[in-house]
Amino acid sequence: MIETPSLVDQYCHGVLRTELGLGTFEAQLARTEGPPAPGTTLFDTQTGFAVRRWCPPLLGLEPHCPPARYLARRRELGVLESGRRLLRGSGITTYLVDTGLPGDLTGPGEMASAAAAEAREVVRLELLAEQVADTSGTVESFLANLAESVHGAASGAVAFTSVAGVRHGLALAPEPPGPGEVRGAAGRWLAGRRVGGELSDPVLLRHLLWIAVASGLPLQLHAGLGEPGLRIDRTDPVLLTDFVRATAGLGTDLVLLHGYPYHRHAAHLAGVFPHVYADSGAALVRTGARAATVLAEILELAPFGKILFSSGAQGLPELHVVGARLFREALGRVLGTWVAEGAWSLADAQRVAGLIAAGNARRVYGLE
């Protein structure tokens, strides 16, 4: 039996504070550009089936109960009580929370209280830049305030995260942009931007990444599957190879989030470059009953001290539960098989499980 008594969720979001009906729950369960196939629901996915397996018992129901019954029980308990039961039943002891999404989501403090766990903030670079732009009147003030804001955020956060791959793609020029290039890009962006406008300019995205690298905090980079309609070929982590090489030796760790279906590419980069780490989380939530296969593929190439768990959960506390339960089950199945075959000792398997579940994250993010 492979035990993982403690889990550090190295990347997730808060949970919604509002009550959800069937349609709004499903919209959070699986992000798509349209409705499900006729005669089905978005529960008819690997993630949906995993929710029905793992979450009902935490609310006093039998596993695999019908979605309507589950949601009725959820409403009966109320959003706060059901969220508390689910988060406390996940087995996650520390949450690193990206606070950069819009919507009525709980922050790290509320997550810690509801889950009876530790919670720390991960700062999203693009949102920080957009907030600075909303309050800066000139290019000069924007660039000065941006540098000051990143520096200030670094004093309280455990990491920065970037969605440059989502906004533009990961095939960015690897070197820092020059001062004149940055001023020109900032001028064009600010001149054509309304308050709240998203940052997608590749020069400014590169500028942000390099400011973050200079801070010394770990930098999380989104790769692989993301928002509906995203061209995932632009988010293959292999596209980051030159940037990874350019940041080597500077003292900042890079964590490649999500990765799927390019998780082997992320594992390869983690194996080649000392400052690169691979995430094992969101891919497992997407693949459900096939999670053990995906995790085994990550373990093929990445050194065991370079893999970190995350749920990647957003909006629904059910996704934190599913992320944790699928990870534990997949890790136990993969490592247990290798022990049974004689390839690994039980002691080695237990040690590696502890590293991936929590130890690596505690080291990378400086958690006590």
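Heads up: the structure comes first, above all this text.
Structure report, in brief. No experiment lies behind these values; they were computed from the predicted model shown. (Residues numbered from 1 in each chain as written. Predicted model: local features only at pLDDT ≥ 70, side-chain atom pairs only at ≥ 80, totals over all residues. Heavy atoms only, no water.)

**Considering the sheet that holds strand β6 (residues 254-258)**
With parallel pairing, the eight strands of this open sheet are ordered in space as β1-β2-β3-β4-β5-β6-β7-β8. Each edge of the open sheet carries a strand with a single partner, namely β1 (7-12) and β8 (307-308). Where strand β4 (residues 159-162) lies against strand β5 (residues 219-223), three bridges are found, and the strand directions are parallel. Considered in β5, the bridge of phenylalanine 160 is made with leucine 219. The sheet contacts of helix α15 (residues 317-340) involve β1 and β2 (92-98), and relative to β1 the element is tilted by about 130 degrees. (Pairing = 2+ DSSP bridges. Helix = DSSP H or I, 4+ residues; strand = E, 2+ residues; numbered from the N terminus. Contact = heavy atoms within 4.5 Å. Axes fitted to C-alpha atoms, helices over the stretch in contact; angles between N-to-C directions.)

**Some words on the packing of aromatic side chains**
How two aromatic rings sit relative to each other is given by the distance of their centres and the angle of their planes. All told, the structure shown has seven aromatic pairs when counted by the stated rule. When the ring of phenylalanine 309 is compared with that of phenylalanine 327, the centres are 4.7 Å apart and the planes differ by 40 degrees; the resulting orientation is tilted. Highlighted residues: phenylalanine 309 in the loop between β8 and α15 and phenylalanine 327 in helix α15, separated in sequence by 18 residues. There is no split in this pair, since phenylalanine 309 and phenylalanine 327 are both buried. (Phe/Tyr/Trp six-rings, centres within 6.5 Å; stacked < 30°, edge-to-face > 60°. Buried < 20%, exposed > 50% of the residue type's maximum accessible area, 1.4 Å probe, protein only.)

**Observations regarding unusual backbone geometry**
Where the residue is not glycine, phi is negative for most of them; where a peptide bond is considered, it is trans in most cases. Cis geometry marks the peptide bond from tyrosine 260 to proline 261, where omega comes out at 5 degrees. Examined against the element boundaries, proline 261 turns out to sit in the loop between β6 and α12 (263-272). Even without glycine at this site, alanine 116 takes up a positive phi of about 55 degrees. Mapping alanine 116 onto the fold places it in the loop between α5 (108-115) and β3 (118-124).

**Some details on the pattern of salt bridges**
In the structure shown here, the tally under the stated rule is 20 salt bridges. We note a salt bridge from glutamate 81 to arginine 84, for which the minimum N-O separation is 2.7 Å. Here arginine 84 and glutamate 81 lie together in helix α4 (residues 79-89), a separation of three residues that amounts to about one turn. For glutamate 81, a relative accessible area of 23% corresponds to the partly exposed category. Taken together, the shared-partner salt bridges in this structure form one network comprising Arg17, Asp104 and Glu110. (Salt bridge = Lys/Arg side-chain N within 4 Å of Asp/Glu carboxyl O.)

**Overview of the nonpolar core**
Within the largest apolar cluster, 85 residues are counted, with the highest numbers of intra-cluster contacts made by Tyr95, Phe160, Leu219, Phe243 and Leu335. If you tally residues by element for this core, the top one is helix α10 (residues 202-215), at nine residues. Excluding residues within four positions of it along the chain, leucine 335 makes contact with Ile2, Leu299, Trp344, Ala349, Val352 and Ala353. Leu29, Ala50, Leu58 and Val321 belong to the second-largest nonpolar core, a separate cluster that totals 25 residues. (Core = buried A, V, L, I, M, F, W, Y, C linked by side-chain atoms within 4.5 Å.)

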